[in-house]
Amino acid sequence: MIRITGLTKTYQTGQGTVKAVREISLDIKTGEFCILLGPSGCGKTTTLRCVAGLERPDLGEIVIEDTVVNSHQPQIYVAPEDRGLGMIFQSYAIWPHLNVFQNIALPLQHGKRKLSRAEVRDRVHEALDLVRLRGMETRRATELSGGQQQRVALARAFACKPKVLLMDEPLSNLDAKLREEMRFEIKQITSGKGITALYVTHDQSEALVMADVVAVMHGGVILQRGSPADLYRNPENLEVAQFLGDMNFIQGRKVDGGLRGPHQVETPLGILTSASAREVSRGNAVVLGIRPEDVRLYREKPQADNALFTSIVHRQFLGNATVYELECNGVRVFARATIYPTPVDSNMDGIFAVFDPSCLQLFRSAESQK
Amino acid sequence: MKTNQGVLEGGKTPLLMLLLTLALVLGPIGTTIWYSFRTGLPGFPSPYTLKNYVGALSSPDTYRIFLNTLGLGVGTMITVLCFGLPLALLLGRTDLPAKNFWLTVLSVEILIPGFLKAFSWILLLNPRTGIINVAIMGLLGLEKAPINIYSLPAISFIQGLSLTPPAVFMIVSAFRGMDVSLEESARVHGMGYSTITRKITLPLMMPALVAALLYYFVTAIETFEIPAILGLPSRIFVITTLIYDQTNPDAGLPNFGKASSMGILLTLLSSVGLYFYFRTLKKANQYAVITGKGYRRKEIALGKWKWAGIGFMLFYLVPALILPFLTLIWASLFRYLQAPSLKVLHLASLDAYTKIIDAAGPAVLKNTGLLMVITATVVMTLSALISWVVVRSRFKWKKLLDSAAFLPHAVPSVVFALALAVFALTFRLPIYGTIFILMFGNAIKSLGWGTRSLNSTMIQIHRDLEEAGQVHGMSRLQVLRKVILPLIGPSLLNGWMWIALLALREVTMALMLYSTRNVVISTQIWSLWRADTAQAAALGVVLVVVIAIVWFVARGILERRIAMQS
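What you see is a predicted model; the values in this text were computed from it and never measured. (Residues numbered from 1 in each chain as written. Chains lettered and ligands numbered in written order. Predicted model: local features only at pLDDT ≥ 70, side-chain atom pairs only at ≥ 80, totals over all residues. Heavy atoms only, no water.)

(A) Structural context of the overall build of chain A. When you go through chain A residue by residue, the secondary structure sums to nine helices and 21 strands. When the backbone C-alpha atoms are referred to their principal axes, chain A occupies close to 75 × 50 × 40 Å. Put simply, chain A has 370 residues, and 55% of those count as buried. Within chain A, contacts between residues at least 6 apart in sequence are counted, and of these 65% link residues at least 24 apart. In the structure as shown, chain A presents an accessible area of about 16500 Å², 47% of it carried by carbon and sulfur atoms. (Helix = DSSP H or I, 4+ residues; strand = E, 2+ residues; numbered from the N terminus. Buried < 20%, exposed > 50% of the residue type's maximum accessible area, 1.4 Å probe, protein only. Contact = heavy atoms within 4.5 Å. Areas by Shrake-Rupley, 256 points an atom, 1.4 Å probe, with all protein chains shown as cover.)

Structure (C-alpha cells):
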C-alpha cells in the first residue's frame with residue numbers, strides 16, 4: 001500500500017546541513033497499522049511529512065496504492081491535496097473559526113472531493129457517529145476539550161475516506177488516562193475500516209499497544225522493523241533494546257563458545273552464558289542485556305546457569321509488582337517481581353538472582369561496532 | 001530538530017519582496033545621504049562638497065538647536081515618566097474601576113492629532129490673549145502673562161502629555177509579561193505590598209521602563225508638529241523644525257543640501273537612542289516570563305484609594321484631552337475668540353459647522369479619502385506578504401526582509417519626507433507634489449508597524465491549520481480563502497483601520513510634501529488656522545469625533561471577533 005524506497009531528506013539550518021532522513025526504505029501492507037518509533041529528531045516526522053507531500057524528499061521514491069507520488073528520476077511530485085490522504089496533527093489543527101460540523105465538512109465541500117450537500121451531511125454524521133460526537137455539530141471548535149478536538153480531527157480524517165491515514169504524535173497532548181482510551185479507539189476504528197495507517201510517536205508503550213508493525217528510527221535510519229513482540233523479545237541492537245522497554249546492561253568480553261552461541265562472556269559478575277544466536281567471535285567486547293522481568297529471584301541457591309548472590313540495595317513497591325535494585329561486584333541490576341508472595345522478605349538484605357541464558361541478550365558493544 | 005516547514009517555499013516571490021522593500025526603503029534614504037554632500041536643487045548638476053556638514057558643525061546655531069532638541073527629548077521624557085508610570089501602575093496592576101473605558105480613551109487619544117492639541121493650548125496660554133493667562137492676569141492683577149506657551153518647557157510638557165498614552169500601553173504590556181510568582185513568593189515570605197513594589201516590582205520593571213523612556217526620548221526628538229506650532233513663532237528651533245524651515249523657507253530658495261545633512265545627523269542621533277533602546281529591551285525580555293493560559297495576575301485592591309486613582313486619571317486627562325478638546329469646541333463657536341463666560345453665549349453660532357464641507361473642500365476630502373484607503377490597503381497587503389515570508393517560509397534572507405520593513409520606523413518622518421522629496425526631485429518622478437507621494441510616504445513609514453502586528457498574528461496561526469486543509473484535498477488557493485484569510489481577517493481589518501486613521505491624522509509628511517494639489521484635512525486645518533480659527537477648530541472637532549466613533553465601533557466589533565477565535 002505504501003512503499004518507500006531510498007528516501008533521503010536534508011535540511012539547511014543555521015548550523016549547516018542536517019541529514020534528517022538517510023535512504024530509508026519501508027513497505028506497509030494494505031490495512032496494516034505501522035508505527036514509526038524513535039526519539040525526537042530521529043527523522044520519523046520528516047518521513048511522515050514526505051509521505052503526506054508536505055516535504056519534498058531529495059532522493060527516493062514513495063508509492064501510495066500503485067501510484068508513484070514522489071520520485072527523483074523521473075521527477076514526480078504529487079501535491080498533498082492529490083494524494084487522497086487523511087492526517088491527524090499533533091496540534092489537532094482544528095480550524096478555530098469553524099464549528100465542529102464545518103471543520104469536518106470543509107475539505108469535503110472545497111477540496112478535490114467536492115461532494116453534494118447531502119453527501120457531505122451524511123459523511124459528517126457518519127464520521128461523528130464513529131467518534132461518538134453526534135450532537136456536537138454546532139459547537140465552536142474553541143469550546144472543545146483536548147480529547148474532543150482530537151476526536152474532531154479523527155472524524156475529519158475519516159470523513160475523507162482516505163486510502164491512508166497519517167498520524168503525527170496525535171496523542172502527545174492528551175493526559176494519561178485519555179491517551180490510553182484514544183489508543184484503543186483509534187486502533188479499533190482503523191482496523192474496523194481496514195485503513196492503512198502510518199503513525200509517528202516517541203512513546204514506546206503506544207507503539208507496543210497499537211502497532212501491527214513497528215519501525216524503530218534513530219539518526220535518520222530505520223534500525224529495526226517488526227511486530228511489537230518481535231522487537232521487544234529480539235532487539236537487533238543496543239539502541240533498539242534501550243529504546244523499547246527497560247533492560248539491564250552488563251559490559252563484558254566473549255571468552256568462549258561457538259560463533260552463533262551459546263556464548264561464554266566474562267563480566268564483572270563472573271562468566272555468564274548467553275544463548276543468543278547472534279554471530280560474535282571470541283575476544284570481542286559485548287554487552288549483555290536482560291529485562292527486569294526476566295531476572296528470577298530465589299532464597300536458596302538454585303541449580304541453574306548464571307546464578308548469583310546479590311545484595312538488595314533498594315526496593316520499590318508498585319502495587320502490581322515490586323522492583324528491586326540489586327548489586328553484585330559493583331554492578332547494579334533491576335529485577336521486577338510480579339508473583340505474590342514475592343520470594344523476598346522485608347528484612348532480607350541479599351538474594352539469589354538468575355539470568356536465564358535464553359533471556360540473556362547479547363549485543364556487539366558500541367566500540368566493537370565501529 | 002524542528003521539521004514544521006512545508007513545501008510552501010514560494011519560489012522567487014520572497015526575493016522579489018526583499019528587493020522591492022529594500023528599493024522602497026533604501027532608495028529615498030540613500031539619495032538623501034548622497035544629497036547631503038551636494039548643494040543646489042535636486043535634479044540639477046552641482047559639485048560634491050562637505051560644506052553642508054562643515055557649515056552645520058562650525059555654526060554656533062547648530063549647537064543651540066542640538067541642545068534644544070536634547071532638551072525637548074529630556075523634557076518630554078520626564079513628563080512621560082511623571083504621568084505614564086502612575087497611569088501604567090493604575091491600569092496594569094490595580095482594580096481601578098472602568099479600566100477598559102480608560103484604556104479605550106487612551107487609545108483614542110493616540111489617534112487625536114498633536115497639532116490640534118497644540119493649537120488649543122495656544123488659545124489657552126498664549127501671552128497676549130490666552131484664556132488662562134488673561135484670567136490669571138485679571139485675578140492677580142498681573143501686568144505680564146504668567147505662562148508663556150512659546151517656550152521649550154511648555155513644548156516639552158505638551159508633547160509629553162500627548163506621548164503618554166502609547167508609553168502607558170508599552171509599560172502595561174511589560175507588567176503583564178512579568179512572572180507573577182516572583183511577587184507572590186515575596187508575599188508568602190512576609191513582605192507587604194509597598195515593600196514588594198519597591199524591592200521587587202520596580203527593580204524588575206526597571207529595564208522595561210527605561211526602554212519605554214528611551215523610545216519616547218527618540219520619538220520626542222523626531223516629532224515635528226508640536227515644536228513647529230509652539231516653537232516657530234518665537235524662533236525656537238529643534239532639528240526637525242529646522243529641516244522644515246530649510247525646505248520651506250519664508251523667503252528664498254529651499255536649501256535641500258543643508259536640510260539633508262541635518263536630516264542625516266538627526267537620524268544618527270535617534271539611531272544612538274534606538275541602539276540603547278534595543279539593548280535595554282533585550283535585558284527587559286530576560287525578566288519576562290511567558291506564563292501559561294488561565295493565569296490571572298492578582299490585582300492590588302485600591303479600596304478607599306479608588307477615588308485617588310480616578311482623580312489621577314482625570315489629573316492627566318484634563319490637560320491632555322478634555323481641556324484642549326473643550327477649547328477647540330469653544331473656539332469653533334465664535335468668529336473671534338471670546339473668553340469663556342455666559343455673557344458671550346449669545347455670540348455663539350454653528351456657522352463654522354454648517355459651512356464645513358465648503359471649508360474643507362471636495363478636493364481635500366477626496367485626497368484625504370484616497371490617502372487613507374490606498375495607504376491602508378497597500379500597507380496591509382505588503383505587510384501580509386512580508387509577514388508570511390518572514391514567519392512561514394524558509395527564505396534565506398527573511399531576517400533581512402524583516403529588518404528592511406522595520407527600518408523606516410527608525411527614520412524620523414521629517415527626514416523620510418525630505419528623503420522622498422529629494423528622491424522624487426532628483427529622478428524627476430511625476431509623483432512630486434501629488435497625493436501619491438503622501439501615500440508612498442505614509443505607506444512605507446507604516447510598514448514597520450504593519451509587519452510587526454501581522455508577524456504576531458501569523459505566529460499564532462499554526463502551520464498545521466494550513467497543512468490539514470492541504471492533506472485533506474484542498475488546494476493552496478482554497479486553503480488561503482477558507483482557512484488563512486478568515487483567521488487573519490480580523491487582524492488585517494484592525495490594522496487597516498488603524499493605519500487609515502494614522503494617515504488621517506498625519507501632518508508632518510503632508511506639510512513637508514505640501515503642494516496645492518495634495519492638500520488633505522490635516523494640512524487644510526493647519527493652513528486655515530491663521531485665517532479662520534473658528535473654521536479650523538470646527539474641522540478639528542469633527543475630525544476628533546469621527547476618529548473616536550470609528551475607533552470605538554471598530555474595536556468593539558473586531559475585538560469580539562478576535563476574542564472568539566482565541
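Next comes the rest of the description.
(B) Fine view of the overall build of chain B. Across its full length, chain B carries 24 helices and zero strands. For 566 residues, the compact-globule estimate of 2.2 N^0.38 gives 24 Å, and chain B sits close to it at 25 Å. Structurally, chain B occupies a C-alpha span of about 75 × 70 × 50 Å along its principal axes. The burial tally for chain B puts 56% of its 566 residues in the buried class. Of all intrachain contacts in chain B linking residues separated by at least 6 positions in sequence, the fraction that spans at least 24 positions is 77%. For chain B, the exposed surface amounts to about 25700 Å²; the carbon and sulfur share of it is 68%. Taken together, the 47 basic and 22 acidic charged side chains of chain B have centroids lying 4 Å from each other. (Rg over C-alpha atoms; globule rule 2.2 N^0.38 Å. Lys, Arg positive; Asp, Glu negative; His and termini not counted. Charge placed at Lys NZ, Arg CZ, Asp CG, Glu CD.)

(C) The arrangement of the interface of chain A and chain B in detail. Taken together, the contacts link 39 residues of chain A with 29 residues of chain B. Of the roughly 2800 Å² buried where chain A meets chain B, counting both sides, 62% is carbon and sulfur surface. Connecting chain A to chain B are one salt bridge. When the shortest N-O distance is used, the salt bridge between Glu467(B) and Arg49(A) registers 2.7 Å. Summed over the shared surface of chain A and chain B, the number is seven residue pairs in polar contact (both at pLDDT 80 or more). Mapped by element, the contributors of at least two residues to the side of chain A that touches chain B are strand 1 (2-13), strand 2 (16-28), helix 1 (44-52), strand 7 (85-88), helix 2 (100-110) and helix 4 (146-159) of chain A. For the side of chain A that touches chain B, the leading source of residues is helix 1 of chain A, giving four residues. For the side of chain A that touches chain B, the per-class residue count stands at 18 nonpolar, 11 polar and 10 charged. (Buried area = accessible area lost by both parts, 1.4 Å probe. Salt bridge = Lys/Arg side-chain N within 4 Å of Asp/Glu carboxyl O. Polar contact = N/O pair within 3.5 Å; in protein donor to acceptor, adjacent residues only side chain to side chain. Nonpolar A, V, L, I, M, F, W, Y, C, P; charged D, E, K, R; others polar.)

(D) Focus on the pairing of strand 5 (residues 67-71) of chain A. Residue and element names in this part refer to chain A. The pairing of strand 4 (residues 59-64) with strand 5 spans three bridges and is classified as antiparallel. Residue pairing for strand 5: Ile62 is matched across the bridge by Asn70. With antiparallel pairing between neighbouring strands as the criterion, strand 4 and strand 5 make up a hairpin whose turn holds two residues, including Glu65 at a positive phi of roughly 45°. Of the strand pairs in this sheet, strand 5 and strand 6 (residues 76-77) are connected by two bridges, and their pairing is antiparallel. The residue bridging Asn70 from the neighbouring strand is Tyr77, located in strand 6. As consecutive antiparallel partners, strand 5 and strand 6 are separated by four residues. (Pairing = 2+ DSSP bridges.)

(E) Layout of the packing of helix 4 of chain A against helix 5 (residues 176-193) of chain A. Residue and element names in this part refer to chain A. Where helix 4 meets helix 5, the closest approach of the two axes is 12 Å, and the angle between their N-to-C directions is 10°. Looking at the two axes, helix 4 sits roughly parallel to helix 5. Pair helix 4 / helix 5 crosses with right-handed handedness. Together, Gly147, Gln150, Arg151, Leu154 and Phe158 of helix 4 and Leu178, Glu181, Met182, Glu185, Ile186, Ile189 and Thr190 of helix 5 make up the contact between the two elements. (Axes fitted to C-alpha atoms, helices over the stretch in contact; angles between N-to-C directions. Parallel < 35°, antiparallel > 145°, perpendicular 65-115°, else oblique. Left-handed = near helix turned anticlockwise from the far one by under 90°.)

(F) View of a nonpolar patch on the surface. Taken together, the side chains of Val545(B), Ile549(B), Phe552(B), Val553(B) and Ile557(B) present a nonpolar region at the surface, about 430 Å² in accessible area. The topology assignment puts Phe552(B) in helix 24 (residues 533-565). (Patch = residues over 30% accessible without salt bridge, like charges linked within 9 Å, V, L, I, M, F, W, Y side chains within 5 Å.)

(G) Local environment of the nonpolar core. One finds Leu166(A), Leu91(B), Leu230(B), Ile243(B) and Trp526(B) to be the most contacted residues of the largest nonpolar core, which totals 197 residues. Counting residues in hydrophobic clusters, the runner-up holds 47 residues, among them Leu108(A), Val120(A), Ile195(A) and Tyr199(A). (Core = buried A, V, L, I, M, F, W, Y, C linked by side-chain atoms within 4.5 Å.)

(H) Representation of the sheet that holds strand 12 (residues 248-257) of chain A. All names here are of chain A. With antiparallel pairing, the five strands of this open sheet are ordered in space as 14-13-12-15-21. The open sheet has two edge strands, strand 14 (270-274) and strand 21 (361-364), and neither has a second partner. Each neighbouring strand pair of the sheet contributes to a mean axis angle of 45°, computed without reference to strand direction. Relative to strand 21, strand 15 (residues 285-290) runs antiparallel, the two being bridged by four bridges. Across the sheet, residue Leu288 finds its bridge partner in strand 21, namely Leu362.

(I) Spatial organisation of the sheet that holds strand 10 (residues 213-218) of chain A. All names here are of chain A. Read across the open sheet, the six strands follow the order 7-8-9-3-10-11; overall the sheet is mixed. Each of the sheet's edge strands pairs with one partner strand only, and the pair in question is strand 7 and strand 11 (221-226). With direction set aside, neighbouring strand axes in the sheet form an average angle of 15°. The pairing of strand 7 with strand 8 (residues 164-168) spans four bridges and is parallel.

(J) Geometry of the packing of aromatic side chains. All names here are of chain A. In this structure the tally under the stated criterion is 27 aromatic pairs over all chains. Seen from the ring of Trp95, Arg156 lies directly overhead, with NZ or CZ sitting 4.4 Å from the centre. Over the ring of Tyr232 we find Arg291; its NZ or CZ atom is 3.8 Å from the centre of that ring. (Phe/Tyr/Trp six-rings, centres within 6.5 Å; stacked < 30°, edge-to-face > 60°. Lys NZ or Arg CZ within 6 Å of the ring centre and 35° of its normal.)

(K) Structural context of the environment of Leu142(B). All names here are of chain B. With respect to the helices and strands, the residue Leu142 is situated in the loop between helix 6 (131-140) and helix 7 (152-176). C-alpha separation for the pair Leu142 and Leu90, spaced 52 residues apart in sequence, amounts to 39 Å. Setting aside residues up to four positions removed in sequence, Leu142 forms contacts with Ile136 and Met137.

(L) Main features of the side chain of Gln150(A). Residues and elements named next belong to chain A. Secondary-structure assignment places Gln150 in helix 4. Taking the relative accessible area as the measure of exposure, Gln150 reaches 0% and is therefore buried. Residues in contact with Gln150, not counting those within four places in the same chain, are Ile88, Tyr92, Pro170, Leu171, Leu174 and Met182.

(M) Highlighting the environment of Cys82(B). Tracing the chain through its elements places Cys82(B) in helix 3 (residues 60-93). In this structure, the C-alpha to C-alpha distance between Cys82(B) and Tyr316(B), residues 234 residues apart in sequence, is 9.9 Å.

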